[in-house]
Amino acid sequence: MKAIVIHAQKDLRIEERDVSEPGRNEVQIALATGGICGSDLHYYNHGGFGTVRLREPMILGHEVAGHITKLGEGVTHLREGQLVAVSPSRPCHNCRFCREGMHNQCLNMRFYGSAMPFPHIQGAFRQVLVAGADQCVPADGLTPCEAAMAEPLAVTLHATRQAGSLLGKSVLVTGCGPIGVLSILAARRAGADRIVATDLSDFTLEFARAAGADETVNMSKSADGLNLFASDKGTFDILYECSGAAPALTAGIAAMRPGGTIVQLGLGGDMSLPMMAITAKELTLRGSFRFHAEFATGVSLMQKGLIDAKPLITRTVGLGDAVGGFELANDRTQAMKVQIAFT
């Protein structure tokens, strides 16, 4: 089978790998679709992110869906031919955080396509994937492209859980890539009243408006675009910070009202914080890292038509044009979510 392997910065190759048979409580999947994520782009563009660096070739990818081709022993709740969304979250279920229900903080996490540990955790961008049956969520009624959006949607659902009650709240979303736009959809579904979104690109802000943002601000055209919301100690109850950029966080904090909650999703590396403003406004700063149980919820919401992720999918390329797909995904003027077709 063919797999998409990153060797170093800008060194992406299509390579042959062996096909594995499913073991007990596992299934074999013919991959249909894989979405290119921001972390995949970090490995492609920079060879890693923050202190995490590639130290060996690694199969990329963790936003995937496909059809089951074989059932391993003991698997009874799935069937051959069934479309499944595959969660990349594989906690050990035995460490102290797993026992406390904090599976996303697992000490022995095996998250597809991660160079954090060494040897690296190989990813899911391969034509044939063997996965645990408990990773597979039936996606009947969805297309493979929709099912592959369950992973980024789960990220935003976990962030929404971190934010607390959103009913009637005023929400700011900074950074309108796929995570930012899905955050708008998740916040609205959770009962947010007013949603304002910021970015540096008119292209992405069009997606934010289509997803239901009440107002959008292009910060590249108006660096003080949030000043109006900063008067009288601020406007917003909740901030989804999805860019990972210090200027976006700083501007967002100025627009927060006292007692508000900041949820940091963007992973752009360490940054300096305006601690005096955070302290004086008595703001709560919460991180949001990956997800676990929210993955199945995301699939269910899409199946019920309560969240529509299809409009975010701007382009699908073939496996043979994976490099072109990564380059396209880098272009924020014409691509929101780029997916790869494996069949």
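How each quantity is defined
- All residue numbers refer to positions counted from 1 along the written sequence of the respective chain.
- Only residues with pLDDT of 70 or above have their local features reported here, since the model is predicted, and side-chain atom pairs are shown and tallied only from 80 upward, although totals for entire chains, interfaces and linings are computed over all residues.
- Hydrogens and water are ignored here; the side-chain numbers use all heavy atoms of the structure.
- Here, the term nonpolar core denotes a set of buried Ala, Val, Leu, Ile, Met, Phe, Trp, Tyr and Cys residues that are joined through side-chain atoms within 4.5 Å.
- Exposure is judged per residue with a 1.4 Å probe applied to protein chains only, and the accessible area is read against the type maximum: over 50% gives exposed, under 20% gives buried, and values in between give partly exposed.
- Helix and strand assignments follow DSSP, with helices taken as H or I runs no shorter than four residues and strands as E runs no shorter than two, numbered in order from the N terminus.
- Should any heavy atoms of two residues lie within 4.5 Å, those residues are considered in contact.
- Between any two strands, at least two bridges found by DSSP are needed for them to pair.
- Axes here refer to lines fitted to C-alpha atoms; in helices the fit is confined to the stretch in contact. Angles between the N-to-C directions go from 0 to 180 degrees.
- A pair of aromatic rings is counted whenever rings of Phe, Tyr or Trp (Trp by its six-membered ring) have centres within 6.5 Å, and the orientation is called stacked for planes under 30 degrees apart, edge-to-face for over 60 and tilted otherwise.
- For a Lys NZ or an Arg CZ to count as sitting over a ring, it must be within 6 Å of the ring centre and within 35 degrees of the ring normal.
- A patch is a set of surface residues, each over 30% in relative accessible area and not in a salt bridge, joined within 9 Å for like charges and within 5 Å for the nonpolar side chains Val, Leu, Ile, Met, Phe, Trp and Tyr.
- Here the open area of atoms and residues is found with the Shrake-Rupley method and a 1.4 Å probe, where only the protein chains shown may cover a residue.
- Salt bridges are defined by distance alone: a side-chain nitrogen of Lys or Arg within 4 Å of a carboxyl oxygen of Asp or Glu.
- A helix is expected to span 1.5 Å multiplied by its residue count minus one.

Here we look at the nonpolar core
Of all hydrophobic cores here, the largest spans 55 residues; its most connected members are L166, V171, V173, I184, Y240 and F295. Sort the elements by how many residues they give to this core and helix 4 (residues 150-163) lands first, with 7 residues. Non-local contacts of L166, meaning those with residues more than four positions away in its chain, are made with T160, V171, A187, A190, G191, A192, I238 and Y240.

Describing the sheet that holds strand 11 (residues 170-174)
The strands that make up a sheet pair up through hydrogen bonds in the backbone, lying either parallel or antiparallel. Overall, parallel pairing links the 6 strands, which are arranged 13-12-11-14-15-16 in an open sheet. Edge positions in the sheet fall to strand 13 (215-218) and strand 16 (284-287), since each of these pairs with one other strand and no more. Across the sheet, the axes of successive neighbouring strands diverge by a mean angle of 15°, strand direction being ignored. Taken together, the 5 bridges between strand 11 and strand 12 (residues 194-199) define a ladder with parallel strand orientation. From the neighbouring strand, T174 faces strand 12, where its bridge partner is T198. With respect to the sheet, helix 5 (residues 178-189) is in contact with strand 11, strand 12 and strand 14 (236-241), its orientation differing from that of strand 12 by roughly 175°.

Quick notes on the sheet that holds strand 1 (residues 2-8)
Read from one edge of the open sheet, 3 strands run 2-1-6, paired in antiparallel fashion. Each edge of the open sheet carries a strand with a single partner, namely strand 2 (11-16) and strand 6 (58-59). Pairing of strand 1 with strand 6 involves 2 bridges; the strand directions are antiparallel. Directly across from V5, in strand 6, lies its bridge partner I59.

Quick word on the side chain of Q28
Inspection of the secondary structure puts Q28 in strand 3 (residues 26-35). The exposure class of Q28 is buried, given its relative accessible area of 7%. Beyond its immediate chain neighbours, meaning those up to four positions away, Q28 contacts V19, S20, E21, P22, H67, I68, T69, K70, V128, L129 and V130.

Some remarks on the packing of aromatic side chains
For any pair of aromatic rings, geometry is given as the distance between the ring centres together with the angle between the planes. Following the criterion strictly, the structure yields 7 aromatic pairs and no others. When the centroid spacing of 6.1 Å and the interplanar angle of 70° are considered together, the rings of F111 and F291 count as edge-to-face. With F111 in the loop between helix 2 (96-99) and strand 9 (128-132) and F291 in the loop between strand 16 and helix 10 (294-303), this residue pair connects regions lying 180 residues apart in the sequence. Exposure remark for F291: the relative accessible area of 0% places this residue in the buried category. Aromatic pair F125 and F342: ring centres 5.7 Å apart, planes at 45°, arrangement tilted. Remark: F342 occurs in the segment after strand 18 (337-341) and F125 occurs in the loop between helix 2 and strand 9; sequence separation between them is 217 residues. F342 shares its class with F125; the two are buried. In this structure, R290 is placed above the aromatic ring of F111, and the distance from its NZ or CZ to the ring centre is 4.1 Å.

Overview of a nonpolar patch on the surface
Side chains of L273, M275 and L285 sit close together on the surface and give an oily, nonpolar patch of about 250 Å² of accessible area. Relative to the helices and strands, M275 resides in helix 9 (residues 275-280). Taking relative accessible area as the criterion, M275 reaches 45% and is therefore assigned partly exposed.

Examining helix 5
Between the first and last C-alpha of helix 5 there are 17 Å, a value that for 12 residues agrees with the 16 Å anticipated at 1.5 Å per step. Where burial is concerned, most of helix 5 is hidden: 9 out of the 12 residues are buried. Residues of helix 5 that are buried: P178, G180, V181, L182, S183, I184, L185, A186 and A187. On its buried face, helix 5 is in contact with helix 4, strand 11, strand 12, helix 6 (202-210), strand 14 and strand 18. Immediately downstream of helix 5, the backbone of G191 shows phi near 105°, a positive value.

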